[in-house]
Amino acid sequence: MTQLQTELQQPGPLEPLAAPTSSRRRIKLPSWLTLMLRNPKAQIGLGILFLFVLFAVIAPFVASASSATNFSYATREPPSWHHLFGTTDQGSDVWAGVVFGARRSLATGFFVAVLATALATTLGITSAYVGGFVDDTISLVTSVVFVIPTIPLLIDITAFLHQRGMTTMILVIGCTLWAFEARILRGQALMMKNRDFILAAKVSGESTRRIILGELMPNMISRIAAAFVLVFYIAILVEAGLEFLGLGDSAKSSWGVSLYWATVNSSVLQGEWWSFLFPGLAIGLTVLALTLVLAGIDEVSNPRLRGLPKNRSVLRLLARRHA
């Protein structure tokens, strides 16, 4: 046996295996969402909204749920270190009512927005793409729902069902607020249905469901997000208005219920401004936050609203490339 064969048969030192390169894919956000997160208005709005959501989540740690509904404190106490927002005529803590009321008010607005946006998106885009009899039928239903007043309808349903729960309010408000957004989404879908990528999907034999879910909706996501935010803050205002009129569950904590009790007890006339100010301020700041987020989405989806300095920088960049 030759020396070369002997060297080949003897196992040599094992070389360390190269560590497998971990191909971690970064989560890539949509371009419109990235631009919105960089928008100053959207940043302020999301920051305010985050604070309210945070207080709603940690409400049991910063206040007592019983102090918001039970009358166990001294009445008509102004804001102090013991009661940050004062107490009401019945002896309940206004701070606890605002913090725990954020849970109910934000949850109602969120679920109403989910329901209304889902109905508006599905019916509006389907109506525009399919056309014909389906379009006529959905347009007729949309026009009928559009003219139905929310408050009288909720009064009738509440009197008929003998209940004023959160579920009833979500269903009624959500089923009456989708119509105007369905019209807007239908108009945008009509403009997009004859685009080249939609026609190419039709020629390739894609199904109607696949084209609507995979082609139309992803290209309308910024407008759908704007519809969600718009319905969100309208639902908060409608819910607060209905509870302010006494159509809500007065045994639960919410911003509208706090305003209702402040009005019933004539708190402002008696100089107890804190009972009315802080719940109203919570509603106003939440609506302001959602309005700023909506303005940020509009600026992202419409380049003409992004401001002149940014457009100048873009023009300079294009000029350098063509130079």
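Remember, predicted model here, so these are calculated numbers, not experimental data.

Draft legend 1. Layout of helix H3 (residues 40–57). Between its first and last C-alpha, H3 extends 26 Å over 18 residues, near the 26 Å set by a 1.5 Å rise per residue. Within H3, burial applies to Ala 42, Gly 45, Leu 49, Phe 52 and Ala 56. All buried residues of H3 project into a common sector of 100° when viewed along the axis, lining one side. Exposed positions of H3 whose direction lies more than 90 degrees from the buried face are Ile 44, Phe 50 and Val 57. Two or three places before Lys 41, at the start of H3, stands the capping residue Asn 39, its side-chain oxygen 3.0 Å from that residue's backbone nitrogen.

Draft legend 2. Broad picture of the pattern of salt bridges. Overall, the coordinates contain 4 salt bridges when judged by the stated rule. Residues Glu 181 and Arg 223 are paired through a salt bridge, measuring 3.4 Å at the closest nitrogen-oxygen approach. Pair noted here: Glu 181 is in helix H9 (residues 166–192) and Arg 223 is in helix H12 (residues 221–244), with a separation of 42 residues, a long-range link. The buried category is assigned to Glu 181, whose relative accessible area is 1%.

Draft legend 3. Spatial organisation of a nonpolar patch on the surface. Taken together, Phe 50, Leu 51, Leu 54, Phe 55, Phe 61 and Val 62 make up a surface patch of nonpolar side chains, about 610 Å² in accessible area. Elements with a contribution of two residues or more to the nonpolar patch: H3 and helix H4 (59–62). For the nonpolar patch, the element with the highest residue contribution is H3, accounting for 4 residues. Along the polypeptide, Leu 54 turns up in helix H3.

Draft legend 4. Spotlight on the confidence of the model for the chain. Here the chain averages 80 in pLDDT, and 80% of its residues register 70 or above. When pLDDT is averaged over each helix and strand of the chain, the minimum, 45, is found for helix H15 (residues 308–322) and the maximum, 92, for H3. Within the model, pLDDT remains below 50 along residues 308–315, and this stretch shows 1 contact once partners closer than five positions in the same chain are excluded. With pLDDT under 50 throughout, residues 317–323 is counted as low confidence; its partners more than four residues away or in other chains account for 0 contacts.

Draft legend 5. Focus on the packing of helix H7 (residues 132–146) against H9. The contact between H7 and H9 brings their axes to 8 Å, and the two run at 135°. Here H7 lies oblique to H9, going by the angle between them. Considering how the two elements wind past one another, H7 and H9 form a crossing that is left-handed. The segment H7 lies against H9, with Asp 135, Ser 139, Val 141, Thr 142, Ser 143, Val 145 and Phe 146 engaging Cys 175, Thr 176, Trp 178, Ala 179, Phe 180, Ala 182, Arg 183 and Arg 186.

Draft legend 6. Looking closely at the packing of aromatic side chains. If you walk through the whole model with that rule in mind, you get 11 aromatic pairs. For the pair Phe 85 and Trp 95, a centre-to-centre distance of 5.2 Å together with 80° between the ring planes defines the contact as edge-to-face. Placement of the pair is Phe 85 in the loop between helix H5 (65–69) and helix H6 (94–130) and Trp 95 in helix H6, with a sequence separation of 10 residues. A residue is classified by how much of its surface remains accessible, and Phe 85, at 18% relative accessible area, is buried. Trp 95 sits in the buried class, given a relative accessible area of 16%.

Cut-offs and rules
Residues numbered from 1 in each chain as written. Predicted model: local features only at pLDDT ≥ 70, side-chain atom pairs only at ≥ 80, totals over all residues. Heavy atoms only, no water. Helix = DSSP H or I, 4+ residues; strand = E, 2+ residues; numbered from the N terminus. Expected span 1.5 Å × (residues − 1). Buried < 20%, exposed > 50% of the residue type's maximum accessible area, 1.4 Å probe, protein only. Arc of directions from axis to C-beta. Polar contact = N/O pair within 3.5 Å; in protein donor to acceptor, adjacent residues only side chain to side chain. Salt bridge = Lys/Arg side-chain N within 4 Å of Asp/Glu carboxyl O. Patch = residues over 30% accessible without salt bridge, like charges linked within 9 Å, V, L, I, M, F, W, Y side chains within 5 Å. Areas by Shrake-Rupley, 256 points an atom, 1.4 Å probe, with all protein chains shown as cover. pLDDT = per-residue confidence, 0-100. Contact = heavy atoms within 4.5 Å. Axes fitted to C-alpha atoms, helices over the stretch in contact; angles between N-to-C directions. Parallel < 35°, antiparallel > 145°, perpendicular 65-115°, else oblique. Left-handed = near helix turned anticlockwise from the far one by under 90°. Phe/Tyr/Trp six-rings, centres within 6.5 Å; stacked < 30°, edge-to-face > 60°.

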